[in-house]
Amino acid sequence: MADPHQLFDDTSSAQSRGFGAQRGPGGLGYPAAAASPQEAFLADPVSNMAMAYGSSLAAQGKELVDKNDWEVQYQQDTPVAPRFDINAPDLYIPAMAFITYILVAGLALGTQDRFSPDLLGLQASSALAWLTLEVLAILLSLYLLTVNTDLTTIDLVAFLGYKYVGMIGGVLMGLLFGKIGYYLVLGWCCVSIFVFMIRTLRLKILAEAAAQGVPVRGARNQLRMYLTMAVAAAQPLLMYWLTFHLVR
Amino acid sequence: MAFTLYSLLQAALLCVNAIAVLHEERFLKNIGWGTDQGIGGFGEEPGIKSQLTNLIRSVRTVMRVPLIIVNSVAIVLLLLFG
């Protein structure tokens, strides 16, 4: 009588109750099977009522869930998620680049016989501390200049983490080709991240001016431009500071 | 490369302590950074100085009690472990 595709016995229907009641009178000689504790459980009037109440509650809940639309709504003016916008910042590259930087630093120290395991932790701690300091300094400057921007803290961490990519490239080239290779690659990566930061932060911090394309005028916009240039200039400096001791 | 997260925490604690000891009446008013001086009107741009003044006042108000706790913990730990 059960549906052959059913995975388990459906105990919520009245079918098994009737089944159990039928078996009840002849239950003495009946071998102990899965049906008999079930039928004893359901024969008790209190648990009958409890089961009826529970199944009606479940039916109501199911109705409620099916009735509402549970789709996530996106507002019009919040930034879209990285899945839809390929230029949106996300923490994948920065996180991967940070870990790779630590490993490459260990590799570089190892080739110079200066490696010890606690130095890895020291490098990681140092890079994280600089990152935290940068984020705090930029947040303070944004607050002081009353910049109304949609740049969140996590976005800032993502943007500031892009410099690790250049650092990795520089150190690897320095391992392969010595100081000349290191300076060449690091120089190119510094210039590229400088341009990237200027372009990206100009859109975020100088939103009104950049959107109209007018040249930056006025004291307020000038201060914001200085902030953008300072943030962008700090990136090559930090890239050099965090890697020069790794390349001898 | 001795710049670690721990030294950043120490520096942050010292900076917040420094902000907390700036006395409103005896010092900030005398240099014109009091909280009731110069917060003019509801103009559009608050300006850097009033933002700084607000920041100092907020930090002093918010961090008063947590600083007591954190400073006590720091004192005990430094006494025990150097």
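It should be emphasised that the depicted structure is a prediction, and the values quoted were computed from it without experimental measurement.

Some details on the UniProt feature "transmembrane region" (unreviewed entry) in chain B
Summarizing the sequence annotation, UniProt attributes the feature "transmembrane region" (unreviewed entry) to residues 62-81 of chain B in the numbering used throughout. Secondary structure content for residues 62-81 of chain B is 95% helix and 0% strand, while the C-alpha to C-alpha distance between its ends is 29 Å.

Examining the UniProt feature "transmembrane region" (unreviewed entry) in chain A
Residue and element names in this part refer to chain A. Taking the UniProt record as the reference, the feature "transmembrane region" (unreviewed entry) is found at residues 91-110, 122-144, 156-176, 182-202 and 223-242. End C-alpha atoms of residues 91-110 are separated by 29 Å, and the span's content is 95% helix alongside 0% strand. Helix makes up 100% of residues 182-202 and strand 0%, and the two end C-alpha atoms of the span are 30 Å apart.

Concerning the nonpolar core
Residues and elements named next belong to chain A. Residues Y101, L142, L160, Y164, M197, M239 and L246 are the most contacted members of the largest nonpolar core, which totals 41 residues. Broken down by secondary-structure element, the contributors of at least two residues to this core are α4 (92-111), α5 (117-144), α6 (153-160), α7 (163-205) and α9 (219-243). Per-element accounting of this core gives the leading share, 13 residues, to α7. With residues near it in sequence (within four places) discarded, M197 still touches F159, L160, R202, T228, V231, A232 and Q235.

Observations regarding unusual backbone geometry
All names here are of chain A. Located in the positive-phi region is D113, a residue other than glycine, with phi close to 60°. By secondary structure assignment, the location of D113 is in the loop between α4 and α5. For D113, a relative accessible area of 73% corresponds to the exposed category. A positive phi angle is found at T146, which is not glycine, with a value near 45°. Relative to the assigned elements, T146 resides in the loop between α5 and α6. The class for T146 is partly exposed, based on a relative accessible area of 24%.

Digging into the interface of chain B and chain A
Each partner contributes to the interface: chain B provides 12 residues, whereas chain A provides 18 residues. Together chain B and chain A conceal approximately 1,400 Å² of surface at their shared face, both sides included; 74% is due to carbon and sulfur atoms. Scanning the region where chain B abuts chain A turns up 0 salt bridges. Our count for the chain B to chain A interface comes out at 2 residue pairs in polar contact (both at pLDDT 80 or more). Contributions of two or more residues to the side of chain B that touches chain A are made by α1 (5-20) and α3 (48-62) of chain B. It is α3 of chain B that contributes the most residues to the side of chain B that touches chain A, 5 residues altogether. By residue class, the composition of the side of chain B that touches chain A is 8 nonpolar, 3 polar and 1 charged.

What to know about α5 of chain A
Residue pairs three or four apart in sequence face the same way in an α-helix, which turns once every 3.6 residues. Over its 28 residues, α5 of chain A extends 41 Å from the first C-alpha to the last, a length consistent with the 40 Å expected when each residue adds 1.5 Å. Along its buried surface, α5 of chain A packs onto α4, α6, α7 and α9 of chain A together with α1 and α3 of chain B. Positive backbone phi, approximately 45°, marks T146 of chain A, located one or two places after α5 of chain A.

Concerning the side chain of T53 of chain B
All names here are of chain B. Among the structural elements, T53 can be located in helix α3. The exposure class assigned to T53 is buried, which follows from its relative accessible area of 7%. A polar contact of 2.6 Å, which involves the side chain of T53, links it to the backbone oxygen of K49. Excluding residues within four positions of it along the chain, T53 makes contact with W33, G34 and T35.

Focus: the packing of α5 of chain A against α3 of chain B
Put simply, α5 of chain A and α3 of chain B touch, their axes get as near as 9 Å, and they point 120° apart. Here α3 of chain B runs oblique to α5 of chain A, going by the angle between their axes. Between α5 of chain A, through L140, Y143 and L144 of chain A, and α3 of chain B, the contact on the second element is made entirely by I48, Q51, L52, N54 and L55 of chain B. Considering only residue class, the contact of α5 of chain A with α3 of chain B consists of 6 nonpolar, 2 polar and no charged.

Notes on the state of the cysteines
Overall, the coordinates contain 0 disulfides over all chains when judged by the stated rule. With no disulfide of its own, C190 of chain A has C189 of chain A as its nearest cysteine by sulfur position, at a separation of 7.2 Å.

Some thoughts on the layout of surface pockets
Estimates place the volume of the largest pocket at around 610 Å³. In terms of lining, the largest pocket is formed by 17 residues, of which the most central are L136 and L140 of chain A together with A12, C15 and V16 of chain B. Secondary structure elements with two or more residues in the lining of the largest pocket: α5 of chain A together with α1 and α3 of chain B. Among the elements that make up the lining of the largest pocket, the one with the highest residue count is α1 of chain B (8 residues). Tallied by class, residues from the lining of the largest pocket come to 17 nonpolar, no polar and no charged.

The rules behind each value
Residues numbered from 1 in each chain as written. Chains lettered and ligands numbered in written order. Predicted model: local features only at pLDDT ≥ 70, side-chain atom pairs only at ≥ 80, totals over all residues. Heavy atoms only, no water. UniProt positions renumbered as here; feature names shortened; annotations may be inferred. Helix = DSSP H or I, 4+ residues; strand = E, 2+ residues; numbered from the N terminus. Core = buried A, V, L, I, M, F, W, Y, C linked by side-chain atoms within 4.5 Å. Buried < 20%, exposed > 50% of the residue type's maximum accessible area, 1.4 Å probe, protein only. Contact = heavy atoms within 4.5 Å. Buried area = accessible area lost by both parts, 1.4 Å probe. Salt bridge = Lys/Arg side-chain N within 4 Å of Asp/Glu carboxyl O. Polar contact = N/O pair within 3.5 Å; in protein donor to acceptor, adjacent residues only side chain to side chain. Nonpolar A, V, L, I, M, F, W, Y, C, P; charged D, E, K, R; others polar. Expected span 1.5 Å × (residues − 1). Axes fitted to C-alpha atoms, helices over the stretch in contact; angles between N-to-C directions. Parallel < 35°, antiparallel > 145°, perpendicular 65-115°, else oblique. Disulfide = S-S within 2.5 Å. 1 Å grid on protein atoms, 1.4 Å probe; cavity = no way out; pocket = protein on both sides within 12 Å on 5 of 7 lines; lining within 4 Å. Points joined across faces, edges and corners; volume = space filled by probe spheres on them.

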